[in-house]
Amino acid sequence: MIRIKTIHIEEFRGIRELDLDLGGANFGICGPNGTGKSGVVDAIEFCLTGNVTRLSGQGQGELSVKGHAPHVEHRKNPDKAKVAITATIPSLGKDVTITRTVKNPRIMILTPADPAAEAVFDELQSHPEFALSRREIAKYIVTPPAQRSTDVQNLLRLEHIGGLRRAFVSYANICKREDEEAERARKRAEDDLKTALGLPALDREKVLERANAQRGILGLPTLAELTPQTSFKEGAPKDGKDSEKPGIAKDVALADLAALSAAIKAAEPATLKAHRESALSALRKLKEDERALSLARSHGFITTGLQLVTEDACPLCDTPWNADELREHLKAKLLSAEEMGTLLESLNKAISAVMGGIDERATAIRKAADYAGALNPSVLRAELDSYAEALSDVKASLKAFQEDPSKIEGAISALENKWWEVGKEAQARLDETQKGFTALPDSSAKDKAIAFLAVLQDRYERLLSTTRTAKAMGMRNATAQKVHDHYNAVSNKVLEDIYDAVAKDFTDFYKAINDDEGKFVGELKAEPAKLSFNVDFYGRGTFPPGAYHSEGHQDGMGLCLYLALMKHTLGDKFSFAVLDDVLMSVDTGHRREVCRLLKTKFPDTQFILTTHDRVWLQYMKTEGLIQKGQFFGGWNIETGPRIWDDTDVWTEIQEALDKDDVPRAAALMRRYLEYISAVLADNLRAQVEYRGDANYDLGDLLPSVLDRWKNRLEKGIKSAAHWDHDETKAALEAKLAEATMLIQKTNAEQWAINKSVHFNEWENFTRTEFKEVTDAFKALLGHIRCQNPKCGGYPYLTPRKGASEQLRCSCGSINVNLKTK
Amino acid sequence: MSSCSLNCPQWQLDDVPKLRNSVNEQHNNPLSPTVTKVLDEYLDTLLADESLGDAVAKQLDALLRTGKVPKIEDIDTALSPLPKGGDG
Ligand SMILES: Nc1ncnc2c1ncn2[C@@H]1O[C@H](COP(=O)(O)OP(=O)(O)OP(=O)(O)O)[C@@H](O)[C@H]1O
Ligand SMILES: [Mg+2]
Ligand SMILES: [Zn+2]
Ligand SMILES: [Zn+2]
């Protein structure tokens, strides 16, 4: 991927014009609320992807990049809003500049043009998660398992795996239904053949017996065996001369009509009734669910979640409601994905059975209509045809639902239809047809035999062909189920492995930032379309993070889970990440560990971090996580952020002094010393009077810090003496002497005693007087920090609790043993 | 995918078996390492299943590696050992 060197922003979000020089390294942006930090984050995201998640993401309905990304003064000229980023692409060893305007967000201008670089940015565009805000990171933690599964799969770029799974499921379902349909057709062919033969069951001997009896009448040779090639009518004359119409045997027609009228009399078969009723009630439940959903959606809160239903009226339209009831109602109505899956499966089964019954009836009716038309004079077949037509409409509605579950309404009315009931008119036509056939003169035995053999032939061939189809469909279905099952097994296993690896990294990271939580474990468990995330809670078991963990801890977990996921998705391409306010609620005790985690586990990733906490930024610097940062000191709509370069606070103090502005110089230095004192108090575990509101001023902190510094040096001298490390001892003694001298120059130890040198008085000092103070503090801080120019960090004690064993800095140049045992 | 979060049936319907016309999401992306891994292991499993011919396994594998979600018809063709005529 890339590393950002510089960012140039014009008329974008709350920013008028701003240049930041990141130098390809980690970078911190710090400023109070509303000063433009997120504006920078949005600008980076926009420049690299053409999009701003904050404006176009979930539930941002009325917001848009075109409409709201330009500075409000330029909301009508989106061409004025532009961002340019100069970046290094380590994999290509090239520097390029990429520019985008809000007017043409899809077009990125790359200079110099370079297809390889373009490919890198294209890839970046498909990973917009490089920029995340605290709110977005939190969603991985607190989201419901079903949504988490989608979110995490999106982040891991696993949609394709899910897409393939759905394709296999669809294919398996289609094959299953077509198999069932083929089997039903085969069964109908079998029944028809049985009816024609007047046999309760098909039996080779009996079939041959019946066929041969008729062939005997015609003087034809006996058939010895039944094969697929068997021709029953072989040798028979084409048509009987006396027959009513070719191919229709009176006996067979009467048998068919009798079977139909028996079926009509039996009304709805009990098994089909059970299927139909269960399908109907399931469908009604589904529909309710849909209604509840659209109701909820029309009130606009479904996207933010049920937990927001806490008010007694809709926050959008003020319609009063009973919050508890509504919540319960919605909960009861909204089916989970899993339930939906099983519901649809059993629905499909029941519906297929009903469709089979309807199909059978439709076929019998069509046949009866043909008989009606074949009589001479013919019976009107229109009513029968329209009944058959109605039946196939009902079947079509059911089929449509099977193919698209949103076609619920049609399926419900289809199932409410009493398909087994025959209308009066149609029934009359059936009776007439039956009468007509009964009244037909019995044809000669020979004609009867000819007609019988023709029907037998026809139905036998149909049975053969439907059986072949059913067999092929059966095999196809078996294959479909098999490839589907294999796919599920394989993909689940791969996903489980991934989730295990991610959970393991997550656990490592989280342990690293909370080193006291030794037994901590995090688990990611995948169920179909669901991903549960549970974490240990003080050895009492594992629970969803939201159950017992504090928000600060949840934030920490969010960060760790995000890092684990990114590591897994991008591997060594994870070269760049923007974390907007993500570290906000990591508590003071864990800041150093977070910095170290980022620094040590992701040394090749460029982090851009924003915070509104100055001490936090200071920590990042002290810990060597960032070398550079940018303070946003204030914001107004005309000018955008006012920036203050912290890297050179001394220069700024000097500039104030040059202008004879002692009060400003004093204020700057006081604020700066406050940060440093807070950092050092923590680093050195200085003894400070405890304050519940953590509102320590310089007088509370600095004298104790300086005391503690001397005390730790003394401790180091004792230790060196104990271990006979003479050189170290001498060096530390020199350091202590230097400390004593430099501290004295600052007058800090006199603050309590001599009011006239107190820092409150600084603003009344003359320029020369204050210059002396400045120089003294600059020298003192220079003395404390690591002398390695690449590090320059402030030393700290390890371990963080109990007897301190070592005074060190993050590069290891400062490394003082404090142990005497 | 819809913009709905939560246990939203709209989302669930999306995850539930959908048919012919619904499964033509286009994914032309190069295969991610994870997808490749799934497909590699899947091919092994298909080849190990003796009830499925090797030819079928390879045809299906080739189809899945195009990087698109295959159409139902394409899966059907890939799984049919012989080119099919009509709908027998
Ligand atoms: N399109 C815009 N035009 C003008 N001003 C804007 C625009 N978008 C945002 N702002 C303003 O820009 C200022 C900076 O907003 P931004 O969100 O960057 O602040 P922030 O530093 O991230 O604050 P916080 O710490 O609260 O997250 C705010 O005052 C905001 O109202
Ligand atoms: Mg912000
Ligand atoms: Zn409302
Ligand atoms: Zn150092």
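The rules behind the values
Residues numbered from 1 in each chain as written. Chains lettered and ligands numbered in written order. Predicted model: local features only at pLDDT ≥ 70, side-chain atom pairs only at ≥ 80, totals over all residues. Heavy atoms only, no water. Phe/Tyr/Trp six-rings, centres within 6.5 Å; stacked < 30°, edge-to-face > 60°. Buried < 20%, exposed > 50% of the residue type's maximum accessible area, 1.4 Å probe, protein only. Near = heavy atom within 4 Å. Polar contact = N/O pair within 3.5 Å; in protein donor to acceptor, adjacent residues only side chain to side chain. Areas by Shrake-Rupley, 256 points an atom, 1.4 Å probe, with all protein chains shown as cover. Pairing = 2+ DSSP bridges. Helix = DSSP H or I, 4+ residues; strand = E, 2+ residues; numbered from the N terminus. Axes fitted to C-alpha atoms, helices over the stretch in contact; angles between N-to-C directions. pLDDT = per-residue confidence, 0-100. Contact = heavy atoms within 4.5 Å. Salt bridge = Lys/Arg side-chain N within 4 Å of Asp/Glu carboxyl O.

Draft legend 1. Geometry of the packing of aromatic side chains. All names here are of chain A. Following the criterion strictly, the structure yields 22 aromatic pairs over all chains and no others. Ring geometry for Trp419 versus Trp420: centroids 5.7 Å apart, planes at 90°, classification edge-to-face. Like Trp420, Trp419 is buried. Between Phe543 and Tyr548 the ring centres are 4.8 Å apart and the planes differ by 90°, which places this aromatic pair in the edge-to-face class. With a relative accessible area of 47%, Tyr548 lands in the partly exposed category.

Draft legend 2. Just the site of ligand 1, in detail. All names here are of chain A. Around ligand 1 lies a shell of 16 residues, among which Gly34, Lys37, Ser38, Gly39 and Val72 are the nearest. At 3.1 Å from an oxygen atom of ligand 1 is found a main-chain nitrogen or oxygen belonging to Thr35. Note that a nitrogen atom of ligand 1 is positioned 3.3 Å from one of the backbone N or O atoms of His68. Taken by itself ligand 1 offers 650 Å² of open surface, and the protein chains cover 74% of this.

Draft legend 3. Fine view of the sheet that holds strand S6 (residues 109-111) of chain A. Residues and elements named next belong to chain A. The strand order S2-S1-S4-S5-S6 describes an open sheet built from five strands, whose pairing is antiparallel. Where the open sheet ends on each side, the last strands, each with one partner, are strand S2 (15-21) and S6. The average angle at which neighbouring strand axes cross in this sheet is 15°, direction not considered. As paired strands, strand S4 (residues 82-89) and strand S5 (residues 94-101) are joined by eight bridges and run antiparallel to one another.

Draft legend 4. Geometry of the confidence of the model for chain B. Residues and elements named next belong to chain B. Here chain B averages 66 in pLDDT, while 57% of its residues score no lower than 70. Across chain B, helix H3 (residues 54-64) holds the top mean pLDDT of 91, while helix H1 (residues 9-15) sits lowest at 32. Low confidence marks residues 1-28, where pLDDT is under 50. Its contacts with residues over four positions away, or in another chain, come to 79 contacts. pLDDT under 50 marks residues 83-88. Its contacts with residues more than four places away, or in other chains, come to one contact.

Draft legend 5. Fine view of the pattern of salt bridges. Residues and elements named next belong to chain A. Considering all chains together, one arrives at 44 salt bridges over all chains under this definition. Two residues, Asp42 and Arg54, come together in a salt bridge whose shortest N-O distance is 3.0 Å. Of this pair, Asp42 sits in helix H1 (residues 37-49) while Arg54 sits in helix H2 (residues 53-56); the two residues are 12 residues apart in sequence, bridging distant segments of the chain. Judged by relative accessible area, Asp42 falls into the buried class, the value being 2%.

Draft legend 6. A look at the pairing of strand S12 (residues 606-611) of chain A. All names here are of chain A. Of all six residues making up S12, six are buried, and the element is well covered by its neighbours. Here strand S3 (residues 27-30) runs beside S12; their pairing, made up of four bridges, is parallel. If you follow Cys30 over to S12, its bridge partner there is Thr611. Note: strand S11 (residues 576-580) against S12, five bridges, orientation parallel. Paired with Phe576 across the two strands is Gln606, which belongs to S12.

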